[in-house]
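The lines below spell out each chain.
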Amino acid sequence: KAGFSGAKTERMFELMDGFLKNDPVSLQKDILHHVEYTVARSRFSFDDFEAYQALSHSVRDRLIERWHDTQQHFKKKDPKRLYFLSLEFLMGRSLSNSVINLGIKDQCAEALSQLGFEYEVLAEQEGDAALGNGGLARLSACQMDSLATLDFPAWGYGLRYQYGLFRQIIIDGFQHEQPDYWLNFGNPWEIERVHVSYPVKFYGSVKEEVVNGKKCKVWIPGETVEAVAYDNPIPGYGTRNTINLRLWAAKPSEGLDIESYNTGDYINAIVNRQKAEIISNVLYPDDRSYQGKELRLKQQYFFVSASLQDIVRRFKDMHNNFDEFPDKVALQLNDTHPSISVVELMRMLLDEEHLSWKRSWNIVCKVFTFTTHTVLPEALEKVPMDLFETVLPRHLQIIYDINFAFMEELKNKIGKDYVRLSRMSIVEEGAVKNIRMANLSIVCSHTVNGVSRAHSELLKTRVFMDFYELWPEKFQYKTNGVTQRRWIVVSNPSLCALISKWLRTESWIHDVDLLTHLKNHASNPELQHEWKMVKKINKMRLAEYIETMSGVKVSLDAMFDVQIKRIHEYKRQFLNILGVIHRYDCIKNMEESDRRKVVPRVCIIGGKAPPGYEIAKKIIKLCHAVAEKINNDTDIGDLLKLVFIPDYNVSVAELVIPGSDLSQHISTAGHEASGTGSMKFLMNGCLLLATADGSTNEIIEEIGAENMFIFGAKMNEVPKLREKESTIKAPLQFRRVVRMVRDGYFGFKDYFKSLCDTVENGKDFYLLGSDFTSYLEAQAAADRAYVDKEKWCKMSVLSTAGSGRFSSDRTIEDYAEKTWGIKPCKLPL
Ligand code: CJB
């Protein structure tokens, strides 16, 4: 190993020869060792949770070995590295994913069973790491898995929040939020690096000084906080490569506040220092509106500053000429959240490395790439200028300079079109001046990516039209994908075994296009029989879970129809509930002979509403109120059930998705940038009922509209429909179901009034009324298809067979080649 030589090295090799072994007996020894010495319980008496802890530490040891070797290898080869900067990562559980990627699940299960424990039970002991809100954050996690599996020299950087996304509890049908103090029972998956820490500065003022005969800006901070690294190894599948997710925690800085200590106010001086930790305390639970909060800006700058100091230090270990920086470093901005990093890198090059403006700008423009995940204007972050000036005074000066140069360049190109100039400016003028973080990111990045083809069209023609006209070559798109390791292999082991059996190989786990060969067997009765069995097993698991969580018993013969995602008006869970009310109303008014033809349904809804989002919370309450009525109506029985799954998170998704027959992705066209939940359902052979929004357009190309249930206005029709909306009467069926809610048929009449107002009286912005008829038609088509079991099963097989394009492996390969310019750097076996 590097750094040692001679007798000392030999002795080390003698003491630790080779890698940890993965046979069940070696694993057992390691588990008992950790029970005794890490968990500090007697190996003769320990419970499931302690066994989980010991198993996790045994697995972690194996990850650390690979991690060391991978980092050593990257250092030796010195390839261009990708640094993925994201304020959110939804990692979920680590044990189940790690044992799959390391290829030691069966050995662990055997080792445990001889010790009297069950692997599945222990895996359930782990809580979720929920350091993110929704799609964007889970995408980061899937992409980390693909980066590791494809051997790319990459690191993730983020924040180690002490409180992850709130836990949702439901009391009387209302959402309540509880803190998720996820570190309470320790976290075996992270390694604290006390020696890897950097000071991060805030507030203060900027002075001008002369250094080596040159005028320089010097930032005198008003507060300094220490960022301490926590490393989370991310193992690849079928490779020894294990990359790093480095999360930063805020700690009080070592620097003494002499003033306070001298006044004798010792206690207060310490309490004030301790306040530094607040920065990494809590994740913001609303993923689309930030309202210029100081703490949010501090979080963003904190993780960006620490990450860039770390990245520059690593670069300087090997290089002394900053012009080589873009050949060695790619910096990916995951949405605008880390976009202050373009300014921070400028500041470091100018003020600390003393490079000229021109040289620094040249470097910055070659390293950053930006991916935007939204089309909603309110999700485009803005920071009030006076806040910026207070928290990051030097950065504001640099932003002015960047903007000045940009505006001059733009004037040369487009002339004095002041309306357009002001639209494109990084600084938004007005009563309150703001910094537009998206504009900043676009100006400073060499590539701007959308997350689906449809999203990219919207970016070019609407959201960032001005920029597209200026720099068409900057704009690309990479349709999102999800990792089949987590979403089939880990979460649906029975389907995984079935696929490997019929394809006669496990290679699809890293070459997912092979799934397409399932098409050849889609009508094979033997495969169909096995396929249905797998679905049944998964439905049984889900039914048990539903009963435990909500007390509702559901029939396995019913179609399980699922909508799980964040609650938002544009995602239209309200449309789904109104559809359920319509179904209920129809059944109630049916003749007995017609009732016998009804396809039984279990409608399942789950998701969290941002704590301050009133209407979203009312949608959750409505779901419960309707469920209460329907589920207790003995006249309805098993024909219809409605259940709300509380506290939706990654591990709940792992249970729900494999057990679903139908899933709904029903956003108003033009609002969902991509959508990734649909891809997970698709991989699990679940049929989609969807609008032609986001990535669904591309799913239709792969699966064929005949194998899905597509409905609703198209993207280009939505603006026109909106214009006409106030003059057109919604269909009778729609008015009837809204009236039922409004009139208090499900109780809480006053409470639901404002919710009903969002879809009536010409205010139906998300077009629930105008899409209602085609929504019901799509639902009826799903019912008809479900009756024909062979046909349904074939559609289900074809869904999985066509899901290959939606693997994050494809997305990441595309990014690596067309955006980041990085190549694999595989650790030799
Ligand atoms: N998205 O989850 C978030 N949070 C945001 O703040 C903005 C967007 C979602 O990102 C996903 C990953 O790209 C998309 O699939 C999804 O459409 C988008 O809403």
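The shown structure was predicted, so the numbers you read here are calculated from the model rather than taken from an experiment. (Residues numbered from 1 in each chain as written. Predicted model: local features only at pLDDT ≥ 70, side-chain atom pairs only at ≥ 80, totals over all residues.)

**Student:** Is there a simple way to think about the UniProt feature "modified residue: N6-(pyridoxal phosphate)lysine" (unreviewed entry) in the protein in this case?
**Tutor:** Using the residue numbers shown here, the UniProt feature "modified residue: N6-(pyridoxal phosphate)lysine" (unreviewed entry) corresponds to Lys680. With respect to the secondary-structure elements, Lys680 resides in helix H27 (residues 677-683). You can call Lys680 buried: it has 29 C-beta atoms within 10 Å. Dropping the residues within four chain positions of it, Lys680 is found in contact with Val482, Trp487 and Ile657. (UniProt positions renumbered as here; feature names shortened; annotations may be inferred. Helix = DSSP H or I, 4+ residues; strand = E, 2+ residues; numbered from the N terminus. Buried ≥ 20, exposed ≤ 12 C-beta atoms within 10 Å, placed from the backbone. Contact = placed C-beta atoms within 7 Å.)

**Student:** Even after reading the chapter, I still don't get the site of the ligand, so can you show me in this structure?
**Tutor:** Every one of the 18 residues lining the ligand counts as a neighbour, but Gly135, Leu136, His373, Ala673 and Ser674 are closest to it. Looking at the shell around the ligand residue by residue, the class counts come to 5 nonpolar, 10 polar and 3 charged. Counting the residues that make up the shell around the ligand, at least three belong to each of domain 1 (78-93 + 128-167 + 175-479) and domain 2 (542-806). (Near = placed C-beta within 6 Å. Nonpolar A, V, L, I, M, F, W, Y, C, P; charged D, E, K, R; others polar. Domains from an automatic or database assignment.)

**Student:** Teacher, can you tell me more about the pairing of strand E11 (residues 242-252) here?
**Tutor:** In regular strands, side chains alternate between the two faces of the sheet. Most of E11 sits out of view: 9 of its 11 residues are buried. Where strand E4 (residues 154-159) and E11 come together, 5 bridges link them in parallel fashion. Across the sheet, residue Trp155 finds its bridge partner in E11, namely Asn244. Where strand E10 (residues 223-235) lies against E11, 11 bridges are found, and the strand directions are antiparallel. Within the sheet, the bridge partner assigned to Pro233 lies in E11 and is Asn244. (Pairing = 2+ DSSP bridges.)

**Student:** What's the story with the packing of helix H23 (residues 573-588) against helix H32 (residues 768-787) in this structure? I'm lost.
**Tutor:** Helix-helix packing: each pair is described by the crossing angle between the helix axes and the interaxial distance. Where H23 contacts H32, the two axes come as close as 10 Å, and the packing angle between them is 55 degrees. Looking at the two axes, H23 sits oblique to H32. Taken as a pair, H23 and H32 cross one another with a handedness that is right-handed. Contacts between H23 and H32 pair Phe574, Leu575, Leu578, Gly579 and His582 from the former with Leu768, Asp771, Tyr775, Leu776 and Gln779 from the latter. The class makeup of the residues in the contact of H23 with H32 is 6 nonpolar, 3 polar and 1 charged. (Axes fitted to C-alpha atoms, helices over the stretch in contact; angles between N-to-C directions. Parallel < 35°, antiparallel > 145°, perpendicular 65-115°, else oblique. Left-handed = near helix turned anticlockwise from the far one by under 90°.)

**Student:** I would appreciate a short explanation of the environment of Glu760 in the present structure.
**Tutor:** Inspection of the secondary structure puts Glu760 in the loop between helix H31 (749-757) and H32. On a C-alpha basis, the gap between Glu760 and Ser726 in space is 8.9 Å, while along the polypeptide they are 34 residues apart.

**Student:** Which parts of the structure should I look at to understand the nonpolar core?
**Tutor:** A general trend in soluble globular proteins is that nonpolar side chains are found buried together. Ranked by internal contacts, the top residues of the largest apolar core, which has 200 residues, are Tyr83, Trp248, Phe302, Leu622, Cys623, Val626 and Leu688. Sorting elements by how many residues they give to this core places helix H25 (residues 614-631) first, with 9 residues. Sequence-distant contacts of Leu622, that is, excluding residues within four places in its chain, are made with Ile577, Val741, Phe752 and Leu755. Ranked by size, the runner-up nonpolar core spans 22 residues in total, among them Val39, Ala54, Leu112 and Ala123. (Core = buried A, V, L, I, M, F, W, Y, C linked by C-beta atoms within 7 Å.)

**Student:** Explanation requested: the sheet that holds strand E12 (residues 329-334) in the structure shown.
**Tutor:** Backbone hydrogen bonds hold the strands of a sheet together, and the pairing may be parallel or antiparallel. Ordered in space as E7-E10-E11-E4-E1-E12-E13-E17-E18, the 9 strands form an open sheet in which the pairing is mixed. Of all the strands in the sheet, the pair left with one neighbour each is strand E7 (191-202) and strand E18 (475-477). Each adjacent strand pair in this sheet contributes to an overall mean axis angle of 25 degrees, direction not counted. As paired elements, strand E17 (residues 447-450) and E18 share 3 bridges and run parallel to each other. Counterpart to Gly450 in the pairing with E18 is Tyr477.

**Student:** Looking at this model, I keep getting lost on the packing of helix H12 (residues 340-352) against helix H15 (residues 393-414). Mind explaining?
**Tutor:** Close contact between H12 and H15 brings their axes to 10 Å; oriented N to C, the two are set at 95 degrees. Taken together, the axes of H12 and H15 lie roughly perpendicular to each other. Across from Ile340, Val343, Met346 and Arg347 in H12, the residues of H15 making contact are Arg394, His395, Ile398 and Ile399. A class-by-class count of the residues in the contact of H12 with H15 yields 5 nonpolar, 1 polar and 2 charged.

**Student:** Could you clarify how one ought to interpret the domain arrangement of the protein in this entry?
**Tutor:** A common way to express how large an interface is: the accessible area buried when the components associate. Splitting the protein by domain gives domain 1 (78-93 + 128-167 + 175-479) and domain 2 (542-806). Computed over C-alpha atoms, the centres of domain 1 and domain 2 are 37 Å apart. Taken residue by residue, the interface counts 27 residues in domain 1 and 23 residues in domain 2. Those elements that place two or more of their residues in the side of domain 1 that touches domain 2 are strand E2 (89-92), helix H7 (135-149), strand E5 (163-171), strand E6 (174-181) and helix H18 (453-463). Per element, the largest residue contribution to the side of domain 1 that touches domain 2 is 4 residues, and it comes from H18. Broken down by class, the residue content of the side of domain 1 that touches domain 2 amounts to 9 nonpolar, 10 polar and 8 charged.

**Student:** Help me out: how do you make sense of helix H21 (residues 493-503) in this one?
**Tutor:** The periodicity of an α-helix, 3.6 residues per turn, causes residues three or four positions apart to be oriented the same way. Of the residues making up H21, those classed as buried are Leu495, Cys496 and Ile499. Across the axial projection of H21, the buried residues extend over an arc of 105 degrees, all falling on one side. In the core, the buried residues of H21 are packed alongside helix H20 (484-490) and helix H22 (525-550). Remark: Arg504 follows H21 within two positions and exhibits a positive phi of approximately 55 degrees. (Arc of directions from axis to C-beta.)

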